[in-house]
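# Results of the structural survey
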Amino acid sequence: MQHKDEVPLDPTRLPSFKQIYHLTLLAEVKHFQKAADKAGITQSTLSASIKQLEKILGVVLLERSGRSMSFTKEGQLAAEMAESLLEQGWEFVDKLDRAGQSAELRIGLMANYNSDLAIKFLQAKQLLGSGNFQIVENHAEQLTEAFLNRELQAAVIPFDPRLQSYRFLQLY
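Throughout what follows, the structure given in this document is the object of discussion. Predicted model, so just to flag it, every value in this text is computed and none were measured. (Residues numbered from 1 in each chain as written. Predicted model: local features only at pLDDT ≥ 70, side-chain atom pairs only at ≥ 80, totals over all residues. Heavy atoms only, no water.)

### Quick look at the pairing of strand 3 (residues 105-110)
This is how the line gets drawn: Whether a residue is buried, partly exposed or exposed follows from its accessible area with a 1.4 Å probe, protein chains only, as a fraction of its type maximum: under 20%, in between, or over 50%, in that order. Only DSSP runs of H or I reaching four residues or more are called helices, and only runs of E reaching two or more are called strands; each is numbered from the N terminus. Strand pairing is assigned whenever DSSP identifies at least 2 bridges connecting the two strands.
Burial analysis of strand 3 places 5 of its 6 residues in the buried class, which makes it a mostly covered element. Where strand 3 and strand 5 (residues 154-156) come together, 3 bridges link them in parallel fashion. Note that in strand 5 the partner of Ile-107 across the bridge is Ala-154.

Pasting the structure below:
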């Protein structure tokens, strides 16, 4: 939060979550190639990301010597803080994903249930697209619990007395 008499924050001095992620991977494995492999990028892309992060922050994060590297004091602090920021970023995304789940249809289907019914659900999923329709396969008890906990909007399960207050359709 910023007070009226403070200098406005400069958003160009904020690192991206991608750069923060790259820093946490590098701190975890302490090797550029291994961190790049884990991120699914090239070593030069990872190196450029870290150099850009150093430029944004105005500090040297790593001491590079040939094929070896080590974190500076500032780099160690940045890596610790980056881990916390990344966790908050994932929490932010996760909460928004869960908030938006009401637009999705999640149907529970017992594993090894009627294959014709499963095929019909899969065909419907293809028509609706994967972003709007999800089939969750599990055992009847787990599906019942998920339905009662509102994690599923519908379920194909045996009747359970706990479901008496819900609308149901008898298939067989």
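### Section: the nonpolar core
We count it as follows: In this description, a nonpolar core means a group of buried Ala, Val, Leu, Ile, Met, Phe, Trp, Tyr and Cys residues linked to one another through side-chain atoms lying within 4.5 Å.
Ranked by size, the top nonpolar core spans 19 residues in total, and within it Leu-23, Leu-26, Phe-32, Leu-46, Ile-50, Leu-62 and Phe-71 carry the most contacts. Sorting the residues of this core by element identifies helix 1 (17-29), helix 2 (32-39), helix 3 (43-57), strand 2 (68-71) and helix 4 (73-99) as the ones contributing at least two each. Counting 7 residues, the second-largest nonpolar core is a separate cluster that includes Leu-143, Ala-146, Phe-147 and Leu-152.

### Some details on the packing of helix 1 against helix 2
Let me state the cut-off plainly: Each axis is a line fitted through C-alpha atoms, taken for helices only over the stretch in contact, and angles between the N-to-C directions span 0 to 180 degrees. Angle categories are assigned with fixed cut-offs, so that under 35 degrees is roughly parallel, over 145 is roughly antiparallel, 65 to 115 is roughly perpendicular, and the rest are oblique. Less than a right angle of anticlockwise turn of the near helix away from the far helix marks a crossing as left-handed, whereas a clockwise turn marks it as right-handed. The contact rule is simple, with two residues in contact once any of their heavy atoms fall within 4.5 Å. Gly is put with the polar residues, along with every residue not named as nonpolar or charged; the nonpolar set is Ala, Val, Leu, Ile, Met, Phe, Trp, Tyr, Cys and Pro, and the charged set is Asp, Glu, Lys and Arg.
Relative to each other, helix 1 and helix 2 sit at 130°, their axes nearing to 8 Å. Judged by the inter-axis angle, helix 1 sits oblique to helix 2. For the pair helix 1 and helix 2, the crossing hand works out as right-handed. Counting all contacts with helix 1, which are made through Tyr-21, His-22, Leu-25, Leu-26, Glu-28 and Val-29, the residues of helix 2 involved are Phe-32, Lys-34, Ala-35, Lys-38 and Ala-39. Residues of the contact of helix 1 with helix 2, tallied by class, amount to 7 nonpolar, 1 polar and 3 charged.

### Some details on the packing of helix 2 against helix 3
Where helix 2 contacts helix 3, the two axes come as close as 8 Å, and the packing angle between them is 100°. With respect to each other, helix 2 and helix 3 are oriented roughly perpendicular. In this structure, helix 2 uses Phe-32, Gln-33, Ala-35 and Ala-36 to contact helix 3, whose residues at the interface are Gln-43, Leu-46, Ser-47 and Ile-50.

### What to know about the pairing of strand 2
The two faces of strand 2 differ: Met-69 and Phe-71 on one face are buried, but Ser-68 and Ser-70 on the other face are not. Summarising the sheet, strand 1 (residues 62-65) and strand 2 pair through 4 bridges and their orientation is antiparallel. Bridge pairing in strand 2 places Ser-65 opposite Ser-68. Hairpin connection of strand 1 to strand 2: 2 residues between the antiparallel strands, including Gly-66 at a positive phi of 60°.

### Section: the pattern of salt bridges
Put simply, the rule is: Here, a salt bridge means any Lys or Arg side-chain nitrogen found within 4 Å of an Asp or Glu carboxyl oxygen.
Tallied over the entire structure, the rule returns 4 salt bridges. Across the salt bridge formed by Glu-54 and Arg-64, the nearest N and O atoms sit 3.4 Å from each other. Taken together, the residues Glu-54 in helix 3 and Arg-64 in strand 1 connect sequence positions 10 residues apart. Taking the relative accessible area as the measure of exposure, Arg-64 reaches 36% and is therefore partly exposed.

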